[in-house]
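Structure assessment
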Amino acid sequence: MFKTLKISSPGKIILCGEHSVVYGKKALACSIDLRTHLAASHTENNYFQFILSDLDQTLEIKEEDFLSVKCASVQSEPDAIIKHLEEKYSNKLVSSLNFFILLYPELEWSQLAGLQVKISSDIPIASGLGSSASYSTCLSSFFFLLRSNRIFSQSDLEAINSNAFYIEKLFHGNPSGLDNSVSAYGGFVVFEKGLIREKFTCDQELNVLIINSQIPKQTLEQVKKVRVLYEKHSSILDSLMNSIDLLVDKFIQTLKEIDSLDGIKDLVTINQGLLYALQVSNQALDSIVNTCEKLGFRAKITGAGGGGCCITIFDQSDMQKLDELKSCLTKNSFLPFQTRLGSDGVRIDELI
């Protein structure tokens, strides 16, 4: 058993493939170096304390609570556990802990008693940057390490990712699995028809400014909106979806062969034009893109649109104007975050 444990996992952005992925095409996502942090340590308490700093919530599980969960008549099979938790508990955070208590029959109270777990995050909530998947991946990793103190192998990551997906099901009902996969593996992930088609890294460091519109993401509404448009103009929308799919391929090729950002910047502009055609932008997102373009930056929506974030990828030649861009965006009540693309997946930052 560890004395101190620190784990972190990244958020994500969609580089290309928004909406077309719903129609069976590929999506390209990547990790960002905004992370959720989990820190576990021992206390003199005789209960398990779970602190969510950003939500100002603290959960305390006592031995009788643990045993009450354990004695539930449910198979140790993820889907059966999810069904049981959805019927019995309204608090999703409580359910996310109880999932692992039920999943691992060998887990004993002595392994949790006296532990304090604190979770905090750099990732803004409800912005389309994978905050819940990052939380789910950290939690899955924590319970994995309760049973096995070791650096993660590839098979370990697969197990961690699989269980993080089930926590995502608790939060979102029918997630794609993309967000938790990026959080687990890091780097760049190509996703198609519910499956990871490819994982790769990029040799060049890629800096990105993520601009939060501070309008909550509207994934379901925007997907429905595009569906209505598709039903009205299916042949035209098929052509747009095929174009986005070709663009995903070009993004992948360019990232693998990258020697400058010029090609990537062109693809960002083309991608934004296709998202305009799908009518998923709005006044706030347009304002972000236009502000970036006025100062020589290329920007696009990341995610479903209607809210959430935009991104602009930049290099050293853009640094002189970057502070001016941040200032202009902030004056317009947008929230810019400077980070990098393709960061590590879930990792153990400290294990003593």
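Report on the accompanying structure. Just so it is clear, the structure is predicted and the values come from calculations on it, not from any experiment.

What counts and what doesn't
- Residues numbered from 1 in each chain as written.
- Predicted model: local features only at pLDDT ≥ 70, side-chain atom pairs only at ≥ 80, totals over all residues.
- Heavy atoms only, no water.
- Phe/Tyr/Trp six-rings, centres within 6.5 Å; stacked < 30°, edge-to-face > 60°.
- Helix = DSSP H or I, 4+ residues; strand = E, 2+ residues; numbered from the N terminus.
- Buried < 20%, exposed > 50% of the residue type's maximum accessible area, 1.4 Å probe, protein only.
- Polar contact = N/O pair within 3.5 Å; in protein donor to acceptor, adjacent residues only side chain to side chain.
- Salt bridge = Lys/Arg side-chain N within 4 Å of Asp/Glu carboxyl O.
- Disulfide = S-S within 2.5 Å.
- Contact = heavy atoms within 4.5 Å.
- Pairing = 2+ DSSP bridges.

**Notes on the packing of aromatic side chains**
This model, assessed by the stated rule, comprises 15 aromatic pairs. Relative to Trp 109, the ring of Phe 66 has its centre 5.5 Å away and its plane inclined at 45 degrees; by these criteria the two rings are tilted. On the criterion of sequence distance, the pair formed by Phe 66 in helix α1 (residues 63–70) and Trp 109 in helix α4 (residues 109–112) is long-range, its members being 43 residues apart. Each member of the pair, Phe 66 together with Trp 109, is buried. Arranged with centres 4.8 Å apart and planes meeting at 5 degrees, the rings of Phe 100 and Phe 143 form a pair that is stacked. Pair noted here: Phe 100 is in helix α3 (residues 92–103) and Phe 143 is in helix α5 (residues 131–147), with a separation of 43 residues, a long-range link. Per residue, the accessibility class of Phe 100 equals that of Phe 143, and both read buried.

**A word on the side chain of Ser 96**
You can see Ser 96 is positioned in helix α3. At 2.8 Å, the side chain of Ser 96 and the side chain of Tyr 135 are in polar contact.

**Looking at the pattern of salt bridges**
Applying the stated criterion to the full structure yields 16 salt bridges. Across the pair Arg 147 and Glu 106 runs a salt bridge whose closest N-O atoms are separated by 2.9 Å. Here Arg 147 is found in helix α5, whereas its partner Glu 106 is found in the loop between α3 and α4, with 41 residues between them in sequence. Ionic pairing is found between Arg 347 and Asp 349, a salt bridge with its closest N-O pair at 2.7 Å. Residue classification places Asp 349 among the partly exposed residues on the basis of a relative accessible area of 40%.

**Notes on the state of the cysteines**
Tallying each qualifying case throughout the model produces zero disulfides. Lacking any disulfide linkage, Cys 30 is separated from the closest cysteine sulfur, that of Cys 202, by 9.5 Å. The exposure class assigned to Cys 30 is buried, which follows from its relative accessible area of 0%. The thiol of Cys 292 is not disulfide-bonded; the next cysteine sulfur, from Cys 310, is found 7.3 Å away.

**Some thoughts on the side chain of Asp 156**
Within the secondary structure layout, Asp 156 lies in helix α6 (residues 154–172). Polar contacts involving the side chain of Asp 156 include one to the main-chain amide nitrogen of Ser 153, which spans 2.9 Å. Discounting chain neighbours no more than four positions away, the residues touching Asp 156 are Phe 144, Arg 150 and Ile 151.

**Section: the pairing of strand β6 (residues 188–192)**
In terms of residue burial, β6 counts as a mostly covered element, since five of its five residues are buried. Because side chains alternate across β6, one face comprises the buried residues Phe 188, Val 190 and Glu 192, and the other comprises Val 189 and Phe 191, equally buried. Sheet analysis places strand β2 (residues 26–42) next to β6, joined by five bridges and oriented antiparallel. Within the sheet, the bridge partner assigned to Ala 29 lies in β6 and is Val 189. In the sheet, β6 pairs with strand β7 (residues 195–200) via five bridges, with the strands oriented antiparallel. What sits directly across from Val 189, in β7, is Lys 199. The antiparallel pairing of β6 with β7 creates a hairpin that spans two residues between the two strands, and Lys 193 there sits at a positive phi of about 50 degrees.

**Here we look at unusual backbone geometry**
Phi at Asp 56 takes a positive value of approximately 55 degrees, unusual for a residue other than glycine. You can see Asp 56 is positioned in the loop between β3 (48–52) and β4 (57–61). A residue is classified by how much of its surface remains accessible, and Asp 56, at 73% relative accessible area, is exposed. Positive phi is not limited to glycine here, since Gln 214 has a value of about 65 degrees. When you line up the elements, Gln 214 lands in the loop between β8 (206–212) and α8 (219–232).

By themselves, these observations are geometric and do not establish any function.
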